Amino acid sequence: MRLLKIVPDNTNIGFVRIRFIAFAITALLTVAAIGLVAARGLNFGVDFVGGVSIEEKFTTVPPTDELRATISALGFGEATIQGTGKNTVTIRLPVPHSSDPAATNTMVEQVKSAVKAKFPTATFSAVSTVSGKVSGELIRNGVLAVVLAIVGIAIFSWLRYEWQFGVSTAVAILHDVLMTLGFFALTRLVFDLNIVAAVLTIIGYSINDKMVIDDRIRENMRKYRKMGMSELIDLSVNETLPRTVMTSLTILLALGSLLIWGGEVLRGFTSAMMLGIVVGTYSSIYVSSSLLITLGLKPGVKPEKADSIANNAERVAPRERP
């Protein structure tokens, strides 16, 4: 029985040859993502803005103005209405001024009753409440977690390899994070703590993929000291390409199942993860590896690092060269 090979043996794609095109596309997408976040902002969930979020499902979603008028008549403040999926609507309201938890429960029950009376097909789905103070702390901690992850991984790459690897790693991961933020600014999907978890997971996947390629580059720098850097990086990326493609495809298949059958709660997380896998694979192959040439990395490694690389590098099945 023959093994399935998505990437044929002896694949020799010239990734470095089109690096300037890849750099231009990456720069444009990054600027577009920053522009979207600045112009449209993120649709922060209750985790980050505070308030009460109530999810209702309908057989047919009613007009937004009619639903808002029904809720506003209760006198709990301005309601924000947003569709979050097929026939599902999220209703956001300010937290009641009273510190008594029963006040929030009373407000939720009144909203549910009023919506049910006006729209008989409505069914309650979920509710969450976060105070303004807690939401501010969550924003600060979420941003800090992402920044520390990027800085820590860049420093690790610098110490393990050379400074060029650390810089290229930071650029690639920052690109992946900005693409995710731009996607959420464009789609207006709710950005909550689940998405912060997805962003950190994307960072972890991206660095894992990049480390495999970087290890192979460093191994080949020791083996082929007289080979040009462009040819060496193309060789390294092509040697690890089957592993990269198979890993990305299997993860995308699992995430696709979650996207279809995981329900509304996981939809934002799954969407962010799927985008991150695609973008992370792209940045590892086309951006960070080729960026090493621009940063002036040369073949050959220091003797004391050679043995460490040979002993610790992640192994990928050897490939026959054409």
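Enquirer: I'd love a proper account of the overall build of the protein chain, names of residues and values included.
Expert: A tally of regular secondary structure across the protein chain gives 10 helices and 6 strands. Among the 322 residues that make up the protein chain, the fraction classed as buried is 45%. Look at the contacts in the protein chain between residues 6 or more apart in sequence, and 81% of them connect residues 24 or more apart. Carbon together with sulfur atoms contributes 64% to the accessible area of the protein chain, which is approximately 16300 Å² in total.

Enquirer: Which residues make up the pattern of salt bridges, and what are the values?
Expert: The final tally for this structure, using the stated rule, is 4 salt bridges. Ionic pairing is found between E219 and R216, a salt bridge with its closest N-O pair at 3.0 Å. Here E219 pairs with R216, and both are found in helix α7 (residues 193-223), just 3 residues apart, close to one helical turn. Here the two residues E219 and R216 agree in accessibility, since each one is buried.

Enquirer: Break down the packing of α7 against helix α8 (residues 229-261) for me, citing the residues and quoting the values.
Expert: Running from N to C, α7 and α8 point in directions that differ by 150°, and their axes come no closer than 9 Å. Between α7 and α8, the angle is such that the two are roughly antiparallel. The chirality of how α7 crosses α8 is right-handed. Here the contact of α7 with α8 is built from residues that sort into 11 nonpolar, 7 polar and 4 charged.

Enquirer: Describe the pairing of strand β4 (residues 88-93), and please don't skip the residues or the numbers.
Expert: Of all 6 residues that make up β4, 6 are buried, and the element is covered over most of its length. Burial along β4 is two-sided: the face carrying T88, T90 and R92 and the face carrying V89, I91 and L93 are both buried. Strand direction decides the pairing type here: strand β2 (residues 51-57) and β4, joined by 6 bridges, are antiparallel. The residue bridging K57 from the neighbouring strand is T88, located in β4.

Enquirer: Break down a nonpolar patch on the surface for me, citing the residues and quoting the values.
Expert: Among the surface-exposed residues, I139, V143, V147, V151, I155, W158, L159, W163, V167 and V171 lie close enough to one another that they form a single nonpolar patch of about 890 Å² accessible area. Mapped onto the nonpolar patch, the elements with two or more residues apiece are α5 (132-160) and α6 (163-187). Among the secondary structure elements, W158 is positioned in helix α5.

Basis of the calculations
Residues numbered from 1 in each chain as written. Predicted model: local features only at pLDDT ≥ 70, side-chain atom pairs only at ≥ 80, totals over all residues. Heavy atoms only, no water. Helix = DSSP H or I, 4+ residues; strand = E, 2+ residues; numbered from the N terminus. Buried < 20%, exposed > 50% of the residue type's maximum accessible area, 1.4 Å probe, protein only. Contact = heavy atoms within 4.5 Å. Areas by Shrake-Rupley, 256 points an atom, 1.4 Å probe, with all protein chains shown as cover. Salt bridge = Lys/Arg side-chain N within 4 Å of Asp/Glu carboxyl O. Axes fitted to C-alpha atoms, helices over the stretch in contact; angles between N-to-C directions. Parallel < 35°, antiparallel > 145°, perpendicular 65-115°, else oblique. Left-handed = near helix turned anticlockwise from the far one by under 90°. Nonpolar A, V, L, I, M, F, W, Y, C, P; charged D, E, K, R; others polar. Pairing = 2+ DSSP bridges. Patch = residues over 30% accessible without salt bridge, like charges linked within 9 Å, V, L, I, M, F, W, Y side chains within 5 Å.

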